[in-house]
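Given next are the chains, with one letter for each unit.
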Amino acid sequence: KAHQGFLIAAKRLASELHVLIVETLLENPGYDLVLTGHSLGAGVATILTLIWARMPVFQKRNIRAYTFASPCSLCSELSQAPFTKRHVTSVV
């Protein structure tokens, strides 16, 4: 359902950045989390947002991705899912 290359990159970033992002959010209780990316970075930001949006620690925050010129990183069904639309805005 997701492009394997983007999925691998997103999982790696999720792992590497998890502690830093969680600590930052705990220190700033009013903050939301916004990810952005262009082109290949947009594909990764899309999947990373969806990974984090499913984690309980991030569900208490508004997490969104705004992506620009994103290649196809999700299958059609997943890209049109309400959960994806709630968290990802993509501009061509």
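Residues numbered from 1 in each chain as written. Predicted model: local features only at pLDDT ≥ 70, side-chain atom pairs only at ≥ 80, totals over all residues. Heavy atoms only, no water.

Visitor: How should I be thinking about unusual backbone geometry in this particular structure?
Guide: Backbone geometry follows two general trends: most residues other than glycine have a negative phi, and most peptide bonds adopt the trans configuration. Within the chain, Ser39 stands out as a residue other than glycine whose phi angle is a positive 60°. Residue Ser39 is classed as partly exposed on the basis of its relative accessible area of 29%. The phi angle at Ala69 is positive, at roughly 55°, despite the residue not being glycine. Relative to the assigned elements, Ala69 resides in the loop between strand S2 (63–68) and helix H4 (76–79). With relative accessibility at 38%, the residue Ala69 sits in the partly exposed group. (Buried < 20%, exposed > 50% of the residue type's maximum accessible area, 1.4 Å probe, protein only. Helix = DSSP H or I, 4+ residues; strand = E, 2+ residues; numbered from the N terminus.)

Visitor: What's the story with the side chain of Ser73 in this structure? I'm lost.
Guide: Position of Ser73 among the secondary structure elements: in the loop between S2 and H4. Ignoring anything within four residues of it in the chain, the contact list for Ser73 reads Lys1, Ala2, His3, Phe6, Gly43, Thr46 and Ile47. (Contact = heavy atoms within 4.5 Å.)

Visitor: What am I meant to see in the sheet that holds strand S3 (residues 88–91) here?
Guide: The pairing of strands in a sheet happens through backbone hydrogen bonds and is either parallel or antiparallel. Strand order in the open sheet formed by 3 strands is S1-S2-S3, with parallel pairing between adjacent strands. Edge positions in the sheet fall to strand S1 (33–38) and S3, since each of these pairs with one other strand and no more. Neighbour to neighbour, the strand axes of the sheet diverge by 15° on average, direction disregarded. In terms of strand pairing, S2 meets S3 through 4 bridges, oriented parallel. Across the sheet, residue Tyr66 finds its bridge partner in S3, namely Thr89. (Pairing = 2+ DSSP bridges. Axes fitted to C-alpha atoms, helices over the stretch in contact; angles between N-to-C directions.)

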